[in-house]
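Secondary and tertiary structure notes
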Protein chains: 2
Amino acid sequence: MEDHERISMEHGAGGEIMNTFLKEAILPLFMKATGEIPIEYMDDSAVIDDIVLTIDSHTVKPVIFPGGDLGSLAMCGTINDLLALGALPRAIGLALVMPEGLEFSQLKTILVSASEVSHKTGVAVIAGDTKVVGNRDLDTPIITTAGIGRRHPFMDANLERAGGRNTRWLSDNNLNPGDKIILTGSVGDHGITILSEREGYGFEGDVSSDISALTDVMDAALARGGVAAAKDPTRGGIANALNEFARKSNVGIEVEETSIPVKDWVASAGEMLGIDPFSVGNEGKMLLAVHPSRAQKVLECIRETENGRDAAVIGIVREDIKGVVLKTAVGGTRILEPPVGDPVPRIC
Amino acid sequence: MEDHERISMEHGAGGEIMNTFLKEAILPLFMKATGEIPIEYMDDSAVIDDIVLTIDSHTVKPVIFPGGDLGSLAMCGTINDLLALGALPRAIGLALVMPEGLEFSQLKTILVSASEVSHKTGVAVIAGDTKVVGNRDLDTPIITTAGIGRRHPFMDANLERAGGRNTRWLSDNNLNPGDKIILTGSVGDHGITILSEREGYGFEGDVSSDISALTDVMDAALARGGVAAAKDPTRGGIANALNEFARKSNVGIEVEETSIPVKDWVASAGEMLGIDPFSVGNEGKMLLAVHPSRAQKVLECIRETENGRDAAVIGIVREDIKGVVLKTAVGGTRILEPPVGDPVPRIC
């Protein structure tokens with residue numbers, strides 16, 4: 001990127017443009033690899049001294065919407081990023097930037113919601129920060145959450161059965177040919193809900209974000225064993241996450257379109273708006289790559305959890321293809337491209 | 001705070017109003033104490049599982065100014081918060097929120113500056129996040145940094161000589177009557193620089209922020225031993241930090257006005273603007289409470305470091321007084337009140 005160029009929405013939208021921007025313009029400015037999972041991996045979390053660290057700023061607009069708000073979004077997003085690497089979430093630091101004039105009632109809604117996630121998951125907020133800026137300088141509050149975690153106690157037994165290269169963490173580069181891809185529920189709910197709220201479309205049906213902390217899902221999966229990699233498909237949706245898996249593990253992934261759960265209201269809203277539910281963000285889903293010998297058992301265990309009821313095997317890792325290939329409903333195949341960015345901005 | 005009330009600048013300005021707001025309106029919404037230094041302590045960092053965690057969002061305006069910028073500010077602020085509890089900083093997570101249209105050259109300046117702090121201190125950025133929002137929704141970039149650290153290797157020997165109640169960390173509640181208060185350099189530089197830049201005052205003299213990571217100062221002090229507590233006086237300046245020390249440790253502090261280093265340009269700018277240099281933020285200073293038997297040696301060691309050349313003993317902890325009492329230059333005494341907020345907004 002040249003000095004006179006300017007930042008555009010796509011530089012933060014989680015797709016290929018952001019990916020290239022980070023790798024070519026940002027990471028070279030920083031120190032080289034430190035720790036077991038360094039920043040260059042661009043994974044969900046990083047690891048140093050056996051401490052797992054992740055950080056995300058959340059800028060969702062509107063800040064309160066069906067199924068959640070900025071507070072639950074921030075907490076769940078951070079907990080899921082820790083879980084996705086195979087960590088047991090331990091604590092969260094929460095930094096709040098508010099515009100002057102924000103109503104306390106709105107702030108309270110957001111923070112109570114964050115606190116409920118904390119109570120439910122047992123992950124405490126132990127550090128915080130509060131800043132206020134002028135209301136001409138910022139429109140809605142921003143919450144940044146940093147999470148720390150320890151290696152999940154089930155990880156040794158889990159990875160022994162996974163047969164991946166990385167015998168310590170569920171990193172994106174750990175997929176093996178033959179692994180089954182499990183998706184823990186329907187896709188597109190969050191992105192379509194935010195867009196619907198923002199634009200006032202008022203789609204019919206139970207429009208609601210899927211925001212959830214996937215502690216139950218990951219505990220169940222790791223207890224059964226054989227999980228080689230995990231990733232929560234947020235910005236850019238499963239199209240982005242699957243392509244990251246494929247690229248980082250240097251494998252191909254074949255996905256069956258009909259096996260990917262999409263709710264009716266998401267499908268029809270997506271069709272009306274010309275938005276692919278595979279390319280918009282989710283906030284309560286996980287993609288797992290699981291050793292074929294364990295996949296069925298892992299799926300069954302996940303389906304017994306509250307957040308994994310609709311889990312399905314959606315594909316398989318192959319070494320004889322490149323990228324992500326979608327077997328379509330009508331019997332053909334097409335490449336599921338990595339999106340240039342998420343079509344809906346400010347969803348997380 | 002009532003539901004219909006609105007957030008004002010003072011709720012984020014680091015003084016008494018923020019303190020009351022956090023204690024009465026925010027903290028009760030969250031889970032109870034977890035970890036050795038829980039969030040209720042409202043200390044510079046928190047501790048869980050022997051991991052030290054701190055987080056701060058940085059919203060300084062302008063983002064580039066004499067002596068530093070948003071990038072160095074964020075890195076140094078987080079490193080200093082870890083050091084202030086007696087931690088050895090290990091790694092940082094950095095989350096960036098940018099307005100659409102930001103020039104890449106400005107972003108690069110900020111990130112190169114952050115990276116320089118990383119190289120100089122050996123504290124790597126290991127996790128990150130990038131978001132972009134519309135330029136009507138945000139005026140200047142926000143950087144949130146979370147830092148993790150381990151207990152400093154010198155802490156056992158240091159605290160053995162300090163005689164405090166907390167034998168593990170340099171918490172704000174650990175001051176003892178008789179402890180000497182050491183300030184590691186001049187005050188007000190950062191706040192006055194930001195205000196001067198923002199308003200275009202163009203004061204004479206070497207106007208420059210004091211942004212620094214105080215690794216050298218804390219290493220030197222802890223190696224000599226006897227440090228009971230430390231605090232970096234950012235928002236609300238030393239007036240706020242000294243009052244927090246006094247309140248949390250349930251002691252009084254007597255401070256000698258003439259012994260507090262204030263640069264000439266800071267003093268004259270402060271006088272002209274009616275701003276007390278004791279109540280504005282610093283970004284490269286530390287206040288230490290040191291056992292009287294070690295204070296002179298600790299001072300000498302600090303003065304040999306790059307960032308502690310102008311260090312001075314500025315006061316003493318007393319049990320027979322309340323709050324912070326200032327012995328003025330003209331021979332009288334006055335109470336140094338905790339400021340309601342920092343008189344200069346958006347300095348960090």
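Residues numbered from 1 in each chain as written. Chains lettered and ligands numbered in written order. Predicted model: local features only at pLDDT ≥ 70, side-chain atom pairs only at ≥ 80, totals over all residues. Heavy atoms only, no water.

A few points about the environment of A:Ala162
Residue and element names in this part refer to chain A. Tracing the sequence through the fold places Ala162 in the loop between α4 (155-160) and β8 (180-183). Classification of Ala162 as buried rests on a relative accessible area of 0%. When residues no more than four places from it in sequence are discounted, the contact partners of Ala162 are Asn176, Gly226, Val227, Ala228 and His291. (Helix = DSSP H or I, 4+ residues; strand = E, 2+ residues; numbered from the N terminus. Buried < 20%, exposed > 50% of the residue type's maximum accessible area, 1.4 Å probe, protein only. Contact = heavy atoms within 4.5 Å.)

Notes on the domain arrangement of chain A
Residues and elements named next belong to chain A. In terms of domain boundaries, chain A breaks down into domain 1 (9-151) and domain 2 (155-335). Spacing between the C-alpha centres of domain 1 and domain 2 amounts to 21 Å. At the junction of the two partners, domain 1 supplies 40 residues and domain 2 supplies 38 residues. The junction of domain 1 with domain 2 conceals about 3000 Å² of combined surface from both sides, 51% of it contributed by carbon and sulfur atoms. Applying the counting rule to domain 1 against domain 2 returns six salt bridges. Across the pair Arg151 and Asp156 runs a salt bridge, and its minimum N-O distance is 3.0 Å. In this assembly, domain 1 and domain 2 are joined by 17 residue pairs in polar contact (both at pLDDT 80 or more). Of all the secondary-structure elements, those providing two or more residues to the side of domain 1 that touches domain 2 are α1 (16-26), β4 (68-69), α2 (70-83) and α3 (104-121). Take the side of domain 1 that touches domain 2: its biggest share by element is eight residues, from α2. Here the residues of the side of domain 1 that touches domain 2 sort into 18 nonpolar, 11 polar and 11 charged. (Domains from an automatic or database assignment. Buried area = accessible area lost by both parts, 1.4 Å probe. Salt bridge = Lys/Arg side-chain N within 4 Å of Asp/Glu carboxyl O. Polar contact = N/O pair within 3.5 Å; in protein donor to acceptor, adjacent residues only side chain to side chain. Nonpolar A, V, L, I, M, F, W, Y, C, P; charged D, E, K, R; others polar.)

Regarding the packing of α2(A) against α3(A)
Residues and elements named next belong to chain A. One can describe the packing of α2 onto α3 by two numbers: an axis separation of 6 Å at closest approach and a directional angle of 35°. Here Leu70, Gly71, Ser72, Met75, Cys76 and Ile79 of α2 come into contact with α3, specifically with Ile110, Ser113, Ala114, Val117, Ser118 and Thr121. Considered class by class, the residues forming the contact of α2 with α3 number seven nonpolar, five polar and no charged. (Axes fitted to C-alpha atoms, helices over the stretch in contact; angles between N-to-C directions.)

Notes on helix α9 (residues 295-303) of chain B
Turn by turn, an α-helix covers 3.6 residues, leaving residues three or four places apart pointing in a common direction. All names here are of chain B. Among all positions in α9, only Ala295, Val298, Leu299, Cys301 and Ile302 are buried. Within α9, the buried residues cover an arc of 165° as seen down the axis, which keeps them to one side. Where α9 is buried, its residues meet β8 (180-183), α6 (215-224), β11 (287-290) and β12 (312-318). (Arc of directions from axis to C-beta.)

Describing the interface of chain A and chain B
In this assembly, 80 residues from chain A lie in contact with 79 residues from chain B. Buried area between chain A and chain B, summed over both chains or domains, comes out near 7100 Å², and the portion from carbon and sulfur atoms is 66%. Joining chain A to chain B, the criterion identifies 14 salt bridges. The residue A:Asp137 makes a salt bridge to B:Lys61 at a minimum N-O spacing of 3.3 Å. Contributing elements (two or more residues each) for the side of chain A that touches chain B: α1, β1 (46-48), β2 (51-58), β5 (87-99), α3, β6 (124-133) and β7 (142-151) of chain A.

As for the relation of the copies chain A and chain B
A rotation about some axis, followed by a shift along it, carries one copy of the chain onto the other. Aligned on chain B, chain A shows an RMSD of 0.0 Å; the corresponding rotation is 180° and the shift along the axis is 0.0 Å. Considering both components of the superposition, the chain copies are consistent with a two-fold axis. Of every C-alpha in chain A, the one belonging to A:Leu138 sits nearest the axis of rotation, 2.2 Å from it. Residue by residue, 99% of the interface of chain A is reproduced at the interface of chain B, so both copies engage with the same surface. (Least-squares fit on C-alpha atoms with pLDDT ≥ 70 in both.)

Some remarks on the sheet that holds strand β11 (residues 287-290) of chain A
All names here are of chain A. Here seven strands make up an open sheet; going across it, the order is β9-β11-β8-β12-β10-β13-β14 and the pairing mixed. The outermost strands of the open sheet, each flanked by one partner alone, are β9 (227-231) and β14 (333-335). Strand-to-strand twist in this sheet, taken as the mean axis angle between neighbours without regard to direction, amounts to 25°. Relative to strand β13 (residues 324-327), strand β10 (residues 252-256) runs parallel, the two sharing four bridges. Bridge assignment links Glu256 to a residue of β13, and that residue is Lys327. The strands touched by helix α9 (residues 292-303) are β8, β11 and β12 (312-318); relative to β8, the strand with the most contacts, the crossing angle is about 10°. (Pairing = 2+ DSSP bridges.)

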